[in-house]
Each structure stands twice: as C-alpha cells, then as structure tokens.
2 protein chains.
Amino acid sequence: MFEEQLKLICKGADEVLSIEELKEKLKKSKKENKPLIIKLGLDPTAPDIHLGHTVVLRKIKQFQDMGHTAIIIIGDFTGMIGDPTGNSKTRKQLSKEDVIENAKTYYDQIYKILDKDKTKIFFNSKWLSEMNFEDIINLTSKYTVARMLERDDFKKRFQKHDGISINEFLYPLIQGYDSVEIKADIEIGGTEQRFNILMGRNLQKDYKQDRQVAIFMPILEGTDGKEKMSKSLGNYIGINENPNNIYGKVMSIPDRLILNYFNLLTDIHPDELESIKFNLESNTINPKNLKMKLAKEIVKLYCGEILAIKAEEEFENIFKNNKIPEIIPEFKVDKEIIEKDGIDIIKLIVTAKLANSNSEARRLLNQGGVKINNKKIFDIKIRDIKSGDIIKIGKLKFLKII
Amino acid sequence: MFEEQLKLICKGADEVLSIEELKEKLKKSKKENKPLIIKLGLDPTAPDIHLGHTVVLRKIKQFQDMGHTAIIIIGDFTGMIGDPTGNSKTRKQLSKEDVIENAKTYYDQIYKILDKDKTKIFFNSKWLSEMNFEDIINLTSKYTVARMLERDDFKKRFQKHDGISINEFLYPLIQGYDSVEIKADIEIGGTEQRFNILMGRNLQKDYKQDRQVAIFMPILEGTDGKEKMSKSLGNYIGINENPNNIYGKVMSIPDRLILNYFNLLTDIHPDELESIKFNLESNTINPKNLKMKLAKEIVKLYCGEILAIKAEEEFENIFKNNKIPEIIPEFKVDKEIIEKDGIDIIKLIVTAKLANSNSEARRLLNQGGVKINNKKIFDIKIRDIKSGDIIKIGKLKFLKII
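These lines cover the structure that appears in this document, whether it is placed above or below. (Residues numbered from 1 in each chain as written. Chains lettered and ligands numbered in written order. Predicted model: local features only at pLDDT ≥ 70, side-chain atom pairs only at ≥ 80, totals over all residues. Heavy atoms only, no water.)

**Here we look at the environment of Ser 125 of chain A**
All names here are of chain A. In this fold, Ser 125 is placed in helix α6 (residues 125-128). We classify Ser 125 as buried; its relative accessible area is 11%. On a C-alpha basis, the gap between Ser 125 and Ala 352 in space is 42 Å, while along the polypeptide they are 227 residues apart. Beyond its immediate stretch of four places on either side in the chain, Ser 125 contacts Asp 76, Phe 77, Met 80 and Lys 96. (Helix = DSSP H or I, 4+ residues; strand = E, 2+ residues; numbered from the N terminus. Buried < 20%, exposed > 50% of the residue type's maximum accessible area, 1.4 Å probe, protein only. Contact = heavy atoms within 4.5 Å.)

**Topic: the sheet that holds strand β6 (residues 213-217) of chain A**
Residues and elements named next belong to chain A. Reading across from one edge, β1-β6-β5-β2-β3-β4 is the order of the 6 strands in this open sheet, with mixed pairing throughout. Two strands lie at the open edges of the sheet, namely β1 (15-17) and β4 (119-123), each paired on one side alone. Neighbour to neighbour, the strand axes of the sheet diverge by 20° on average, direction disregarded. As paired elements, β1 and β6 share 3 bridges and run antiparallel to each other. Looking at β6, one finds that Val 16 is bridged to Ile 215. (Pairing = 2+ DSSP bridges. Axes fitted to C-alpha atoms, helices over the stretch in contact; angles between N-to-C directions.)

**Section: helix α15 (residues 287-303) of chain B**
Residues and elements named next belong to chain B. Across its 17 residues, α15 extends 24 Å between first and last C-alpha, which sits within 8% of the 24 Å expected from 1.5 Å per residue. Among the residues of α15, Leu 290, Lys 291, Met 292, Leu 294, Ala 295, Glu 297, Ile 298, Val 299 and Tyr 302 are the ones counted as buried. The positive-phi residue at the C-terminal boundary of α15 is Gly 304, with phi of around 95°. (Expected span 1.5 Å × (residues − 1).)

**Concerning the packing of helix α12 (residues 243-251) of chain B against helix α16 (residues 305-321) of chain B**
All names here are of chain B. Interhelical geometry of α12 versus α16 gives an angle of 60° and a closest axis separation of 9 Å. Between α12 and α16, the angle is such that the two are oblique. In this structure, α12 meets α16 at a crossing whose hand is right-handed. Contact with α12, carried on its side by Pro 243, Asn 244, Tyr 247 and Met 251, involves Leu 307, Ala 311, Glu 312, Glu 314 and Phe 315 of α16 and no other residues of that element. Split by residue class, the contact of α12 with α16 holds 6 nonpolar, 1 polar and 2 charged. (Parallel < 35°, antiparallel > 145°, perpendicular 65-115°, else oblique. Left-handed = near helix turned anticlockwise from the far one by under 90°. Nonpolar A, V, L, I, M, F, W, Y, C, P; charged D, E, K, R; others polar.)

**Thoughts on the packing of aromatic side chains**
Scanning the model with the defined rule gives 13 aromatic pairs over all chains in all. Both rings, one in Phe 158 of chain A and one in Phe 158 of chain B, keep their centres 6.0 Å apart while their planes meet at 70°; by these two values the pair is edge-to-face. Taken together, the residues Phe 158 of chain A in helix α9 (residues 152-159) and Phe 158 of chain B in helix α9 (residues 152-159) connect one chain to another. The partly exposed category is assigned to Phe 158 of chain A, whose relative accessible area is 24%. Plain terms: the ring middles of Tyr 143 of chain B and Phe 195 of chain B are 6.3 Å apart, the flat faces sit at 75° to each other, and that makes the pair edge-to-face. One end of the pair, Tyr 143 of chain B, is in the loop between α7 (133-140) and α8 (145-148); the other, Phe 195 of chain B, is in helix α11 (residues 194-206), and 52 residues separate them in sequence. In this pair, the class of Tyr 143 of chain B matches that of Phe 195 of chain B, namely buried. (Phe/Tyr/Trp six-rings, centres within 6.5 Å; stacked < 30°, edge-to-face > 60°.)

**Quick look at the interface of chain A and chain B**
Much of the literature gives interface size as the accessible area that the parts lose upon coming together. The partner chain B presents 31 residues to the 31 residues of chain A that form the contact. A buried area of about 2,800 Å², summed over both sides, lies between chain A and chain B, and 82% of it is on carbon and sulfur atoms. Broken down residue by residue, the surface that chain A buries against chain B is led by Phe 133, Ile 137 and Ile 166 of chain A, which jointly contribute 28%. Taken together, chain A and chain B are joined by 0 salt bridges. At the boundary of chain A with chain B, the tally comes to 8 residue pairs in polar contact (both at pLDDT 80 or more). Taken together, the elements giving at least two residues each to the side of chain A that touches chain B come down to α4 (76-81), α7 (133-140), α8 (145-148) and α10 (167-182) of chain A. (Buried area = accessible area lost by both parts, 1.4 Å probe. Salt bridge = Lys/Arg side-chain N within 4 Å of Asp/Glu carboxyl O. Polar contact = N/O pair within 3.5 Å; in protein donor to acceptor, adjacent residues only side chain to side chain.)

**Digging into the relation of the copies chain A and chain B**
The transformation that overlays chain A on chain B combines an axial shift of 0.0 Å with a rotation of 180°, and the residual RMSD is 0.2 Å. Interpreted geometrically, this transformation is the action of a two-fold axis. In terms of C-alpha distance to the rotation axis, chain A has Asn 132 of chain A as its closest residue, with the C-alpha 2.4 Å off the axis. Both copies contact each other with a shared surface, as 100% of the interface residues of chain A are interface residues in chain B too. (Least-squares fit on C-alpha atoms with pLDDT ≥ 70 in both.)

**What to know about unusual backbone geometry**
Of note, the bond from Leu 17 of chain A into Ser 18 of chain A is cis; its omega dihedral lies within 30 degrees of zero at -5°. Structurally, Ser 18 of chain A is set in the loop between β1 and α2 (19-32). Its identity is not glycine, yet Asn 33 of chain B carries a phi of approximately 50°, on the positive side. Here Asn 33 of chain B lies in the loop between α2 (19-32) and β2 (37-42).

This is how it looks when you write it as structure tokens:
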C-alpha cells in the first residue's frame, strides 16, 4: 500500500537506510494518524540557497506533501562558540544577532520550497545550552574514539598527524543528539553527511528511541558538469536569481546532466523520468528540447508558471531569432582609458563575470564566441567601443557598456 | 637560600618538573608572604591508607612544615557519575552519601600525617557541576586526540582495538582542570599519575596561569619486595594497624628495601640517609639493627614514641627471648573434625592469613618454620591440637587456637 510513496521517496536518493524501517514508520504514522518528523540540520552561516541545496529540501517537501512534518534545526550552538582553538577557517564565531539574521535569510529562501505550515524551526542551543557536564559524559560515553576516527576527514587528519582537538569529537555527537532531542523519524542529508546522520541513528538507539531512517541524497554537479555546485566555484544556479538567468544557466549545462537534474531538481514522476531516460539513450529526442523542458520546469518551481513561460519565450527569441534580452547587465568602462590604450576584452569579460577565467575568455574569443553589436571580434585590444554597445559572449550572455 | 628546602623536597622524589620553576615559586611565596598551594587529588573510593599512600602525603607534609597549604581534591564528580558504559569495574557509581562517608574515612587517616590547619578539602563537583557545554567545548579544545592517545593505557588499548569511549578522554581533562580551578602551585602524585599531572600543568598554561610544578613520587614496593604495596596483594602495612603489627611487618621486609623505606616513609634528613646508605653498602652495620630503627621510626610516626618503644621491646622479647606477644590473633577450629580427621596445617596457615599461598606455607613447614607450643612440626596432618595451643609461623607470626 505504500509502494507509490516509497517509489517517490526513493527517487533520486543515493541510499535509504533502511527501506524496511521506512515502511514501518509510514505504516505506523498512518495507523496512529501521526505525522513523521523529518529532520534537516542546517549550519547557521547565511547561504544564498542554490539548486544544490534544493536536492535535500525538495525531498523533505515530498514528505510534507504526504502529510509529514519537517523540523529544521539551526546549529546555532556550536556556531556561537566558534572554534576555540582558532584553527578552523570554516568555524567562524557568530553572535546571537548573526544567527538570527542568518536564520531570517533561510526562512525567506526555504519557504520557496517547503510548506511553511508543516515546518518547525528549532535552534539547537535551546537544549544544548541546558546540558551539564554529567549529561555530556553520558553522551560521550556512547561512542568510541576508534569509531569516531572512522569518519573520513578525521581518519585522514589523524593519519597525517594533523592535530584533531578533542572538542571536534563533540560536534558529530551534538548533531546526532539533535535527533534524540526532537525524536526524529527520518533524517535527510547529502552523502557527505553520512557519518553525522548515522550518529543520530545510533544515539537514538542508545537513548532507547526508534532509530531514524537515514536518506542520503547525492551531491549535485554544478552547471560546468565538473565539480559539485557551489557558489565559490561559480557553477551554481541560485533560487533567487531572475527567471531568465535560471533558464539560461540550465540551458548551459552539459547534456549528460539532463537526466540527473530532472531527477534531483524537479518533481516529475519517476515513471516520466524513465521515459526521459529512454529518449536520451535512444536518441529519439533532441537534448536541447529536453533541456528547455527542464529549464522551464525549474523556473516554474521558483518563479511561477507565467515567468517560466516568459523565460522560455525570451530564450527562444535570443537563441533562435538572435534578439537581445529585455534586461541585461550593464558595465561601466572608463572612456579615457579606452581612447588612450584600448580595452583588454579578456579582462573585461572576466571582470564582468561572463567567463570564469582568462583562459575560458580567450577560448571563447578565439572560437568567435564574442560579439560586439552582433559582430564577431578576434582582437584582444579593443579601441572602438562606446557607451550603448552590446557585448555578447557565447549564446546567452550579454553585457551593455555604459 | 632555598638550597636546604630544595634538598628536603627532592628527597625521595622520582622527578621534579622543574626545579627552576620550584625555586621561583618558593622565592615568590617568601617575597609575597603567601603560602604555595599544594594539590593532591584523591579518588572518592574509601581506602585503608597504607604506607604506600603515605609517600605522597609525607611529601605534602614537608611543604606544610615550610608554611604552605595543602588542597586535597576529592574527585567526587566523576565518582558520582560512575561509568556510563558499565564496562569499568573500577569506576563504580557512588552516591552523595557514599562520597561523604568515604571522605570522612580519609579525614580520620590523613590527619595522622597532614597538618589539619594547613589543609583544605574540596569536592570537585563544586565547580564541575557548574560547567556548561560551552565550557566543556573550551576545555576539550585544549588537547588533541593524538596527545591523549600518548597516555600509556590509552595507547595500549587503542593498539589492541579495545574500545575507548570518548568520555574517558574527559577524565584526565577534568583532573587537570582541577589544578586550574584551585590555581595549584605544585601537584604531587605517584609516577603513575604523570600524564594527569602534566595535563594540569598544560591546562593552566592554556588558561593563562603559571604552570604548577609537578613532583612525581616513586611507587612503594610492598613488604614482599616484589610488587607495589597494595591491600589486595596482602603486602601492605596499614597506618591504622596496631604498633606491634606495624613493627613486625617492617621487620619482615627484605634488606634491600631498607634504604628506600627510610627514604620514602620517614622524615630522616637526606644527610642521615646518606650515612645509612654508606653503612649498608660497606657492611658496617647489621641490617637487622637498621631495620629495627626503621620499624621504630615508622611506628613512632603513626602511634607515637611511647608505643614505638613498647613495640621495640615486644619485638626484642619475642625475637631474642623467644617469648610470645601479649596480644595475638585467635583462630577457632572445630574440635570434632580435628579428632576425626586431624587438621591440615597448610590450610590452616593460609586460611588464617599467616602465609600468602599453600606453597609458601609448605616451604615454611619443611624448613622447620612452624611450631606448635614452641615445638617444630613437620607433618601436614595434625591431630593433637587443642584450644589454647600457640602456633608460631616464622619468627614473628603467632596464632592462638580457641
């Protein structure tokens, strides 16, 4: 009776630990008419949420659509402590104000995906700041040093004789203990969270609770198809970007990512996914058309259907009819410098973030991918450029000189 | 100017870390007219204090005689938690009442050695129960996993894949933190406490205090001259034993322990120690006479001079004049069994704890070391034994049959 639900839940998941336990949980929830508690832990730094983050969030939304409750835990406790050794760059100390400010940023973004009425948000300082030394001795007694050192990053650092401070062993325990505190039924996270999520599962057993089911979602590749999606790598699609940007960026992904993006980023049914897979493998459809479907689908999720249709039209306009989009970024250049020395077009492209590196910009230029007012250019030094000129880089990127 | 003090302090010590720092501390204490704080940590189980324990206590007393203050820390905090994993046999959980009861036992005994007016006793639960999670993350950040695994027992267990629970890493930190809390100037302990005492020294530095000087005292050998003195091994001399027992037990130690016992168990001056050493090495004195001096000295410390003189007299009486002591232990035997089957003298000797093993008892018997009513016996089975008979084993042990 839960076969359809299980099919949806397993869609895209790297691993579900275990499906049997998940079935039991779903059965019990239905029988007792009591929603399951789906845990998501977030660290308290403020991100711009991009499609990489949505993989887990959409999975949670699926559960909400089935009537279950999401509990988001903001890990403010350790965030406010920071790194007492001062060694960690990632563990910046945050004030209470920072944490609240960052949390607000989350709210604005995650409710683009999650169902607000079925979401609770907790700060884990609530229970962790209440714990005393005895509680902590109890907590730390549940886990051995050897097992902690099995965690990949600890193992590597230990073997390399990089100092691991003992407090670092407390963080996975804290994260796991959050599951105990909220009596999580299911925790969803990226595969890189495997150790911490299993920790929660184990600790719940130690604290005489039913173990949470662990659902591990794969890490999304970025638009470059090379590395994981990440803001700092510039290969991301932010959910707050404008519809045309989102559409265009999706169109820029390599074809081999199409299926995975459908799988992880949209709500299309597993059966439809199968048919897309078939189409791709049998070459019975132009991948570009599939990509347009994907782009429209994704824009629809974050900007609504009307803007999705408009984005599609704009894309077709530009791509097929060689038109310029209505709104394009502007870039100010110094007239005097241009007239005196000319402008380095490579530098301009990189500075305006239309290419990620000098070499990428140079390649585009050499391949005829850079146009000024629709005319291909091949020289690096440009003198005859003026306010109002439109630079086009590749098929979809535009820049207006002001 | 502190040369004489340093000479006394270093007497018997295995290591002082460091003498330079110790000098500085003594100098500063004198200059500011402020006593140094000498830390001794005790676990909250209730021991019968024996001479093994007094090695450290006497060293503390030396400091008290120089005007300094002893702070005894009863480690009740971890004692009351016990071992949450339930694996440890030594870490029995104690109630508040147990702890207080045990502490009383300590008071009664340690004030036979320490100066009550210069001794303060703290329970470490006072400050440890006040610590919150943040304090503990701070504390645990001061030490790395690798350094903790350098501790001998951890190292061995880790290599043998014996599970070390993470809470076990907290105990040395707790013990070290006690030094921070009381701002200890000096910590004295047995060499087996080396790791924990150095931990206190390091933590003080982390908490921006002057590091405590560490004084490591050797482990005292038991009266058998084989293993460390311990109640469970039966090779101990309790400070609450009656004077004749103490005297007799000291007389039973192997000659090669004489010098060390003088060094670690009495207050004789280092210069006198030198002359005893000379006497022993040059064979210019009968070791038995030195042992009598030692025995009298030790009895004097715990029972007073009068009883020490009496114990010496009694010993001479028994040993030289073949007399029986005024008070001797009694042992009840079943008359019917004796008349029917005879009694196994080996078993009797071991049961009455006059020998440590059957083989020791048998050896004594074969060597003519067992007498009944002053008549050597060699048979194992004895039938003609009756109430009132005196059994003598070796030179000093007696038993009255009742």
